[in-house]
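# Geometric and topological summary
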Amino acid sequence: MPTNKPSPSTAAAAGGAWPPDPAVFEKLGAFYLGRALDPATQAPVAAPLLYDARDLTTHAVIVGMTGSGKTGLGIALLEEAALDGIPAIAIDPKGDLGNLMLAFPELRPADFRPWVDEGEAARAGLDPDASAARTAAAWRDGLAQWGEDGGRIARYRAAARASIYTPGARAGRPLSVLRSLAAPAAGADPEATQERIATTVAGLLALLGIESDPLRGREAILLSNLLAALGASGRSATLGDLVRGVQSPPFDRVGVLDLDTFYPSKDRQALAVALNNLLASPGFAAWTEGEPLDAKRLLYTEDGKPRLSILSIAHLSDAERMFFVTLLLNEVLAWVRTLPGTGSLRALLYMDEVFGYFPPTANPPSKPPMLTLLKQARAFGVGIVLATQNPVDLDYKGLANAGTWFLGRLQTERDKARVIEGLEGATSSRGAAFDRAAIDRTLAGLKSRVFLMSNAHEDAPALLQTRWTLSYLRGPLTRPQIQTLMAGQAGSTASAAPPDAAAAAPIGPAATEAPALPPDIPQLFAAAPGAAMLRPAILGEAKLHYVDAKNGVDEWRTVRLLAPIGPDRPAPTWSESTEAPPPSSFSTAAPAEARYASVPGPALRAKSYADWSRALSDALYQGRSLTLLRAPDLKLASKPGETPGDFQVRLRQLLRERRDAEIEKLRARYAAKIAALQEQARRADQRIEREQAQFNQQTMQTAISVGATVLGALFGRKIGSVGNVGRATTAMRGAGRSMREHEDIGQAQESADAVRGRIADLEAELKAEIEGLQSDTGPATEEITVRPRKADIAVERLALAWIPAE
């Protein structure tokens, strides 16, 4: 368990002015969520509450009834993540999170006008324009009360690319879900692959309305075996493949039983028809359009900048939502397993209204991947944040993995008891004390926008009043409104494939048979339909070795090229060659009824191939260099095959990790000095108390002596009597001591103030050093070129290849 640190509300208490200066809360790695409240009175503390971004690697839960401010807290958290360069995927079952795109730096009434609820304005006796003006003024004033302004909104909008996706619909950016049926990558963990297959099948069957136990249901077992068989052959499945596979599976036994005993053909036909109906449904076409469901693409742009991807599923049926959420969680889990470990926050997965997806007893398809993410994602810097207004429907045993709980106003005593039970379990799991009675009292008195924050990384719970959000909270967005927001963000279409150089050459006269070649010249045939025209090309296969010790490059690559030949091109021109299809696309058997273009004479002689092999080796050395990126300041280069965007993502994460480590070192270095001064301040305060007590006592004694002297004079004692003179002298001496005691208090106060001044100076030094650390912007990069090692180039095969003439 991480070492506890002081509460963020007290750690940020320097300054004391409200609203706070932005310099107090605009800190890398710190989320400005609001301000702390005094637990006893719920009165605000004059300091912003800053939440350490790294604490989200142990996940968080937000619980609160309607009107508690739960959505506002979630949106504020996502805004802070974007400002800190943290990408996020936000699952939005209600349509509220689309408000993250309603951020207007100019805060003009015209910005708010399209989003004003005209019905609500009419009920308030306002026309829409007046309502927009009132809303703009309210947002400007609300932000100012929290030290925020339009400049912060502009930074938020520039920090991350926000987009709304609408799977199964075209209002926002569509998503193609069939990626989840893709074959596993080479070297994928078999257990993880099987887990992904099981949950994908469960989601698909839920969409079909078929209940089938993963261990006993024959539908689930058959589909799982089908996906496993297709994946083992390297093929990515489609729904059409599943329909055909259910009818005629590529295996004849399931377990020890033959296929028809396990699942008779006539019974399988019903499952095939159900899958086919889904495939043929006009509405299902939207599920196959748009960008692929790819976690990395949802989190980063092509050039590596963070994204805020809002996945709106309010328009879907319950079965469709379960299907999509299950596929998405599997996709995120698969991506997480490709990452290196880190202690810094890398990305967020936020889900609003998790009701039904993570229940305490039932086991819907979404639950296994969610539980796995809660257990494993923290090691890779991926934080999970779940929000709900239905605390009774959460699996609190699974949520024991959550390190931070934000508890807002609850609707019923039953809800409160359930939340306390879950929080107690999470607290006990880390060996911390839990004051049930105190938590109960606090929860009973919570107001709107006030949350009890229990953080495993802090010494004690804190009361949080959430800040004003940068985004306009207008409520759930309709599909036309989403369409308006996303009008300028149409999904990208694949660029047209480059022209095939082999198809551009003339083919010459045709023959009905392939030419006879010497036995040492391989001849390969691409698959072609009957009576197809085939044309000749030279297929070259070679291995290249790239080595650059300085930049950590040691990479072998296999290259397969097709160079056209023909009547006017007797020899291959490797500089005009194209990438060849995979070996499985060719056969040594000539296709029936094919026609063949003429072959130039050199291609029929073995000696030509030796010359062409040397030419290929030279061409590869000259033209197959690797272009990599290098960050000189970090002495780090991109890896072969790593895109510039992926390299930028890696650099940003490295900078974030270094920044967090440097901040920890600085805090540790200053902590001892500040602690010593705080001890001096404590002793100075004790001295002030002692001097004040002595002054009070001396003042009283002096008053008594003076009073006695005055009374003696009033009641007739002679002024010059010895006793009266002595008392007067004693009173004068007492007054002198009182003055000295008062001076001692002043000196003690000056000493205490001096110590506190030194503490403030040290804290200012610490703040300046932290702010002076390298920011989270990407470092400068330069291109480097790595040529293949000439001595290691190995041309493994040249062959005459017959390819379709188009």
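Since the model is a prediction, treat every value here as computed from it, not as a measurement. Per chain, residues are indexed from 1 in the order of the written sequence. Thresholds applied to this predicted model are a pLDDT of at least 70 for local features of residues and 80 or more for the giving and counting of side-chain atom pairs; totals over whole chains, interfaces and linings are not thresholded and use all residues. Where side-chain values are given, they derive from all heavy atoms of the structure, hydrogens and water being excluded.

## Description of the overall build of the protein chain
- Secondary structure elements are defined from DSSP: runs of H or I of at least 4 residues count as helices, runs of E of at least 2 residues count as strands, and each element is numbered from the N terminus. Helix and strand counts for the protein chain come out as 22 helices and 26 strands.
- Within the protein chain, buried positions represent 48% of all 806 residues.
- Here, two residues are considered to be in contact whenever any of their heavy atoms come within 4.5 Å of each other. Sequence-distant contacts, at least 24 apart, represent 77% of the contacts inside the protein chain between residues at least 6 apart.
- Total accessible area computed for the protein chain in this model is approximately 37,200 Å², and 54% of it derives from carbon and sulfur atoms. Relative accessible area decides the class of each residue, using a 1.4 Å probe on protein chains only: under 20% of the type maximum gives buried, over 50% gives exposed, and in between gives partly exposed. For the accessible areas, the method is Shrake-Rupley and the probe is 1.4 Å, while residue cover comes only from the protein chains on display.

## Let's talk about the sheet that holds strand E25 (residues 782–786)
- By the convention used here, strands pair only if DSSP detects at least 2 bridges between them. In spatial order, the strands read E24-E23-E25; together these three strands make up an open sheet with antiparallel pairing. The open sheet has two edge strands, strand E24 (636–637) and E25, and neither has a second partner.
- Inspection of the sheet shows strand E23 (residues 626–631) paired to E24 by two bridges, in the antiparallel sense. Bridged to alanine 631 within E24 is leucine 636.

## Some points on the packing of aromatic side chains
- Only Phe, Tyr and Trp rings take part, Trp by its six-membered ring, and two of them pair if their centres are within 6.5 Å. Stacked means planes under 30 degrees apart, edge-to-face means over 60, and tilted covers everything else. Counting across every chain of the model gives 13 aromatic pairs.
- An angle of 85° between the planes, with centres 5.5 Å apart, marks the rings of tryptophan 18 and tryptophan 146 as edge-to-face. With a gap of 128 residues between them, tryptophan 18 in the loop between helix H1 (8–11) and helix H2 (22–25) and tryptophan 146 in the loop between helix H6 (128–144) and helix H7 (150–159) connect regions that are remote in the sequence.
- With a relative accessible area of 5%, tryptophan 146 lands in the buried category.
- Centre to centre, the rings of tryptophan 287 and phenylalanine 323 are 5.5 Å apart; their planes meet at 70°, and the pair counts as edge-to-face. In this pair, tryptophan 287 sits in the loop between helix H12 (265–280) and strand E9 (291–292) while phenylalanine 323 sits in helix H14 (residues 318–336), placing the two residues 36 residues apart along the sequence. There is no split in this pair, since tryptophan 287 and phenylalanine 323 are both buried.
- Over the ring of phenylalanine 358 we find lysine 367; its NZ or CZ atom is 6.0 Å from the centre of that ring.
- Here the basic side chain of lysine 790 rests over the ring of tyrosine 621, its NZ or CZ set 5.1 Å away from the ring centre. Whether a charge sits over a ring depends on NZ of Lys or CZ of Arg being within 6 Å of the ring centre and within 35 degrees of the ring normal.

## Observations regarding the sheet that holds strand E13 (residues 404–407)
- The strand order E2-E1-E15-E14-E13-E3-E12-E11-E4-E10-E5 describes an open sheet built from 11 strands, whose pairing is mixed. Strands with a single pairing partner mark the edges of an open sheet, and in this sheet they are strand E2 (44–52) and strand E5 (161–165). On average, adjacent strands in this sheet sit at an angle of 25° to one another, irrespective of strand direction.
- In terms of strand pairing, strand E3 (residues 60–63) meets strand E12 (residues 382–388) through four bridges, oriented parallel. Counted as the bridge partner of alanine 60 is valine 385 from E12.
- What counts as an axis is a line fitted to C-alpha atoms, over the stretch in contact for a helix, and the angles between N-to-C directions run from 0 to 180 degrees. On top of the sheet, helix H3 (residues 70–83) reaches strand E1 (30–37), E3, strand E4 (88–92), strand E10 (307–312), strand E11 (347–351), E12, E13, strand E14 (450–455) and strand E15 (462–466); it is set at about 140° to E1, its chief contact.

## Regarding the pairing of E15
- Counting buried residues in E15 gives four out of five residues, a clear majority hidden from the surface.
- Two elements, E14 and E15, share four bridges in a ladder whose sense is antiparallel. When the bridges of E15 are listed, phenylalanine 451 appears paired with leucine 464.

## Things to note about H12
- Compared with the 22 Å implied by 1.5 Å per residue over 16 residues, the 22 Å span of H12 between its first and last C-alpha is a close match.
- Of the positions making up H12, those classed as buried are Arg268, Leu271, Ala272, Leu275 and Leu278. Down the axis, H12 shows its buried residues gathered within 115° of arc, on one side only. More than 90 degrees from the buried face of H12, the exposed residues found are Lys266, Ala270 and Ala280.
- Residues of H12 that are buried sit in contact with helix H8 (190–208), helix H9 (218–232), helix H10 (239–247) and helix H11 (259–262). To estimate how far a helix should extend, the number of its residues minus one is multiplied by 1.5 Å. Each direction from the helix axis to a C-beta atom contributes to the arc, which is the arc of those directions.

## Here's the deal with the pairing of E2
- Where E1 lies against E2, six bridges are found, and the strand directions are antiparallel. Bridge assignment links leucine 37 to a residue of E2, and that residue is proline 44.

## Here we look at unusual backbone geometry
- Positive phi is not limited to glycine here, since glutamine 42 has a value of about 60°.
- Position of glutamine 42 relative to the elements: it lies in the loop between E1 and E2.

## What to know about the side chain of aspartate 52
- Locating aspartate 52 in the fold gives a position in strand E2.
- Note on aspartate 52: relative accessible area 11%, which makes it buried.
- We call two N or O atoms a polar contact when they sit within 3.5 Å, provided that within protein one can donate a hydrogen and the other can accept it, with sequence-adjacent residues counted only if both atoms are side-chain atoms. Within polar-contact distance, the side chain of aspartate 52 engages the side chain of arginine 54 at 2.9 Å.

## Notes on the confidence of the model for the protein chain
- Scored by pLDDT, the protein chain comes out at a mean of 83, with 85% of its residues at no less than 70.
- pLDDT expresses how confident the predictor is about each individual residue, on a scale running from 0 to 100. Taken as a whole, residues 1–15 scores under 50 in pLDDT and shows 30 contacts with residues more than four places along the chain or in a different chain.
- Counting contacts from residues 492–505, a segment whose pLDDT is below 50, to residues more than four positions away or on other chains yields 17 contacts.

## Some remarks on the pattern of salt bridges
- The term salt bridge refers to a side-chain nitrogen of Lys or Arg lying within 4 Å of a carboxyl oxygen of Asp or Glu. One pass over the full model with this rule turns up 42 salt bridges.
- Between lysine 94 and aspartate 96 there is a salt bridge whose closest N-O contact spans 3.3 Å.
- Here lysine 296 ties to aspartate 646 by a salt bridge, and the two come within 2.7 Å at their closest N and O atoms. Residue lysine 296 is located in helix H13 (residues 295–299), and its partner aspartate 646 is located in helix H21 (residues 644–714); the two are separated by 350 residues in the primary sequence.
- Note on lysine 296: relative accessible area 34%, which makes it partly exposed.
- Linked by salt bridges that have partners in common, Glu26, Glu79, Glu80, Glu148, Arg152, Arg155 and Arg467 make up one network.

## Details of the packing of H9 against H10
- Packing of H9 against H10 brings their axes to within 10 Å, and their N-to-C directions diverge by 115°. Between H9 and H10, the angle falls in the class roughly perpendicular. In this structure, the crossing between H9 and H10 has a hand that is right-handed. Where H9 approaches H10, its residues Leu222, Leu223, Leu226, Leu227 and Leu230 are matched on the opposing element by Asp241, Leu242, Gly245 and Val246.
- Note on residue classes: Ala, Val, Leu, Ile, Met, Phe, Trp, Tyr, Cys and Pro are nonpolar, Asp, Glu, Lys and Arg are charged, and everything else, Gly too, is polar. For the contact of H9 with H10, the residue count by class is seven nonpolar, one polar and one charged. Oblique is the label for every angle not falling under 35 degrees (roughly parallel), over 145 degrees (roughly antiparallel), or within 65 to 115 degrees (roughly perpendicular). Two helices that cross are described as forming a left-handed crossing if the nearer one is turned anticlockwise from the farther one by less than a right angle, and a right-handed crossing if clockwise.

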